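Secondary and tertiary structure notes
So you can see what is in the structure, the chains are spelled out below.
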Protein chains: 2
Amino acid sequence: MSNDIGIKAVEEAPEELYKVELKADERIDELQRKGYQIIQNPKQFCFGMDAVLLAGFADIRKEASVLDMGTGTGIIPLLLEAREKGSKFIGIDIQEDSIDMAKRSVQLNHLEEKIHIIKADIKEATQLFPLSSFDVVVTNPPYMSAHAGLKNPDSAKAIARHEVHASLDEWIEVASRLVKVGGKFFMVHRPHRLTDIMSALDKHELTVKRIKMVHPYVDKEANMVLIEAVRKGKSQVIVEKPLIVYKALNEYHDEIHDIYGY
Amino acid sequence: MSNDIGIKAVEEAPEELYKVELKADERIDELQRKGYQIIQNPKQFCFGMDAVLLAGFADIRKEASVLDMGTGTGIIPLLLEAREKGSKFIGIDIQEDSIDMAKRSVQLNHLEEKIHIIKADIKEATQLFPLSSFDVVVTNPPYMSAHAGLKNPDSAKAIARHEVHASLDEWIEVASRLVKVGGKFFMVHRPHRLTDIMSALDKHELTVKRIKMVHPYVDKEANMVLIEAVRKGKSQVIVEKPLIVYKALNEYHDEIHDIYGY
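Residues numbered from 1 in each chain as written. Chains lettered and ligands numbered in written order. Predicted model: local features only at pLDDT ≥ 70, side-chain atom pairs only at ≥ 80, totals over all residues. Heavy atoms only, no water.

This paragraph deals with the overall build of chain A. The number of helices and strands found in chain A is eight helices and 13 strands. Across chain A, the fraction of contacts at a sequence separation of at least 24, relative to all contacts at a separation of at least 6, is 70%. On chain A, roughly 11,800 Å² of surface is accessible, and the fraction owed to carbon and sulfur atoms is 48%. (Helix = DSSP H or I, 4+ residues; strand = E, 2+ residues; numbered from the N terminus. Contact = heavy atoms within 4.5 Å. Areas by Shrake-Rupley, 256 points an atom, 1.4 Å probe, with all protein chains shown as cover.)

Structural data, given as C-alpha cells:
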C-alpha cells in the first residue's frame, strides 16, 4: 500500500518486516536519541556536526509541518523528530543513493507515518507542493559555489557540497515560496558566504531574526553560521552568544554535549 | 592663517598658544595613548567603547588618508593617529558643538597638520571631496533608524544616535563614492541592523571582508558588530573570533585591555 505521497507504509506489520537491508559499503550509525539509527555510506557522504547543530538550533513547534531541502540521508528529519520538533516531515533530495538510504532509515526507525522522503530537484519543489504551505523549511545546502574546485560534478559528494543543481539564491527562493507567510526558515551554512546569504534572504523576503556563529575554539574564526529567518517578518537581527565547539583539544564544550544529547 | 581646508593652523607657535579654553560643562579626558586628550561635554555625548573598538579593529596602513564620517568630537581620528594608523585625517560632522570641541581637541594635541575637522552634512560630502579619493573611510554612524523612539530630533544626542540627517543606506553610499576602488571601509554598528548593513554594503559595492561580533559576556548576545569592507573587492567573508568584553563583572578580558592600551 502507498500513502498519498508515494511512500510505502506498512501498517501493523510484524517487527521483522521492518528489518532493512544494507547495500555495499553501507553501515548503520546510532543517533543517540530515542534509539534512532541512520544508514550511511562512508564512501559517499556522512552527516556532520552542521546537521546536528542545525537540528539543535531550529526552534520548531511540536505540531509544525517541516520541509527539509536537500535532506541527503534524512539526518535532519530524524534528529528533529527525535527531539519532538515538528510532527510531519518531508525530505527532498536529488541524489538517488541518498534518497534510497533515507527511505530505509525511515523504515528502520518505524517513522513512515511521520517522515516522507521524496526524490526531487530543488527547482521542481514549487511544482510538487502547494506554495506557502509549510510551517517550517530547514536546509543544510551545498556550501560551495557551483564550480569552485569541482572535479566530478556527478558524484554524491559534489552534489552535497557544491551548487551543481541550484544556486544559493535559487535554493533560498524556493524555500521562501514554500514556507507560509510568518513561517520559519532555518539554515546552516559557511560564514564566507554571508554576503550572498544575507542578500538572497533579503531579496526573497526571508527576514533574518537570529544568527549564531559557530567557532571551533573561542580564539578561532567561525566555520559555520546558523540562521533563522521568518517569511515577511519584521527586520530585527539577534546575534546570539557564539557556539564554541571545543574547550580544549578533542574536548567538547558542554553546549555541544547538550546538543548531541550525550 | 588658514590652510587649504579652512582649519586654522598655528606654525611654530609657543606652547601657551595651544592652550585651549573649555566652555560650560566641558571637560578634558585622557585617551591613554601618546598623552592625547579629548574635550567632551558629558551633558551632550561622550565617546563609548564602540569608537575605541573600531579604532582597534581598523587595519590601516601608516601612510593612508582617512575620512571619518560623523566624527563627533574627533575621537576616532585621535585614536587612529595615536596608534599610527593613517597619516592624514579628515573628520566631518554636522553638529556645531561637537565640531567645535573636536577642533579644540586637535589643537590641544598639536595635531593641526594631521587632523582636519570640517562641519558638513554627510550628504554634502561628495561635493566637498573628490570622488574615490580616500584610502580609507571609517564611521561610527547613528545606530537607530530616524524616528525609532525619537523625542528631540535637534539634540546632539539624537543626531549622534538616530539617522536624522542621513539613512544608513545614504551613509554607506557616500562612503562608497568617496573611498578609492580597492580602498577600505570600517564601521561599527549594532547587530540588530545587520540585514540593513549587509544589503546596503552589497548594493553600494562595498564588499564585506571581515566581521567581528562583540559580546559583553561569552554567554550573551552580541551588542556591537565591527565590519571591514573593500570597495569592489572579492566576496569572501571572514567572521573573526568573537570579542568578549568582560570575563567577569567589571573585569575586562585581556583583549579589551590591549585595545584600550592600559
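Another aspect to go through is the interface of chain A and chain B. How big an interface is tends to be expressed through the accessible area that disappears when the partners come together. In this assembly, 25 residues from chain A lie in contact with 25 residues from chain B. Of the roughly 2,200 Å² buried at the junction of chain A and chain B (both faces included), carbon and sulfur atoms supply 64%. Among the residues of chain A in contact with chain B, A:H192, A:T195 and A:V239 are the three that bury the most area, contributing 25% of the side total. Across the chain A-chain B interface, the total number found is zero salt bridges. One can count six residue pairs in polar contact (both at pLDDT 80 or more) joining chain A with chain B. Only α7 (194-203), β8 (206-215) and β10 (238-239) of chain A provide two or more residues apiece to the side of chain A that touches chain B. Among the elements that make up the side of chain A that touches chain B, the one with the highest residue count is α7(A) (six residues). The residue makeup of the side of chain A that touches chain B, split by class, is 12 nonpolar, six polar and seven charged. (Buried area = accessible area lost by both parts, 1.4 Å probe. Salt bridge = Lys/Arg side-chain N within 4 Å of Asp/Glu carboxyl O. Polar contact = N/O pair within 3.5 Å; in protein donor to acceptor, adjacent residues only side chain to side chain. Nonpolar A, V, L, I, M, F, W, Y, C, P; charged D, E, K, R; others polar.)

As a further point, take the relation of the copies chain A and chain B. Of the transformation superimposing chain A on chain B, the axial component is 0.0 Å and the angular component is 180°, with the fit at an RMSD of 0.0 Å. One copy is carried onto the other by what is essentially a two-fold rotation axis. Closest approach to the rotation axis among the C-alpha atoms of chain A is made by A:S199, whose C-alpha sits 3.0 Å away. Both copies contact each other with a shared surface, as 100% of the interface residues of chain A are interface residues in chain B too. (Least-squares fit on C-alpha atoms with pLDDT ≥ 70 in both.)

With that out of the way, let us pick up the packing of aromatic side chains. All names here are of chain A. Enumeration according to the criterion identifies 10 aromatic pairs over all chains in this entry. Ring pairs connect the aromatic residues Y217, Y246, Y252 and Y260, which therefore count as one cluster. Cation over ring: R210 sits above F57, and NZ or CZ is 3.9 Å from the ring centre. (Phe/Tyr/Trp six-rings, centres within 6.5 Å; stacked < 30°, edge-to-face > 60°. Lys NZ or Arg CZ within 6 Å of the ring centre and 35° of its normal.)

Right, let's talk about the side chain of A:D93 for a bit. Residues and elements named next belong to chain A. Secondary-structure assignment places D93 in strand β4 (residues 88-93). For D93, which is buried and forms no salt bridge, the nearest opposite charge comes from K119, at a distance of 8.3 Å. A polar contact is formed between the side chain of D93 and the backbone nitrogen of Q95, at a distance of 3.0 Å. Not counting the four nearest positions on each side in its chain, D93 is found in contact with G70, T71, G72, I99, I118, K119 and A120. (Buried < 20%, exposed > 50% of the residue type's maximum accessible area, 1.4 Å probe, protein only. Lys, Arg positive; Asp, Glu negative; His and termini not counted.)

Moving on, we get to the nonpolar core. Of all hydrophobic cores here, the largest spans 72 residues; its most connected members are A:L194, A:I211, B:L194 and B:I211. Each residue touching A:I211, except ones within four places of it in the same chain, is listed here: A:M198, A:V225, A:L226, A:I227, A:V237, A:I238, A:V239, A:E240 and B:L194. (Core = buried A, V, L, I, M, F, W, Y, C linked by side-chain atoms within 4.5 Å.)

Moving on, we get to the confidence of the model for chain A. One rule of thumb: low pLDDT means the predicted coordinates there are not for detailed reading. Residues and elements named next belong to chain A. Here chain A averages 89 in pLDDT, while 90% of its residues score no lower than 70. Scored below 50 in pLDDT, residues 1-14 makes 19 contacts in the model with residues more than four places away or belonging to other chains. Interface confidence for the predicted complex, given as ipTM, is 0.86, next to a pTM of 0.88. (pLDDT = per-residue confidence, 0-100.)

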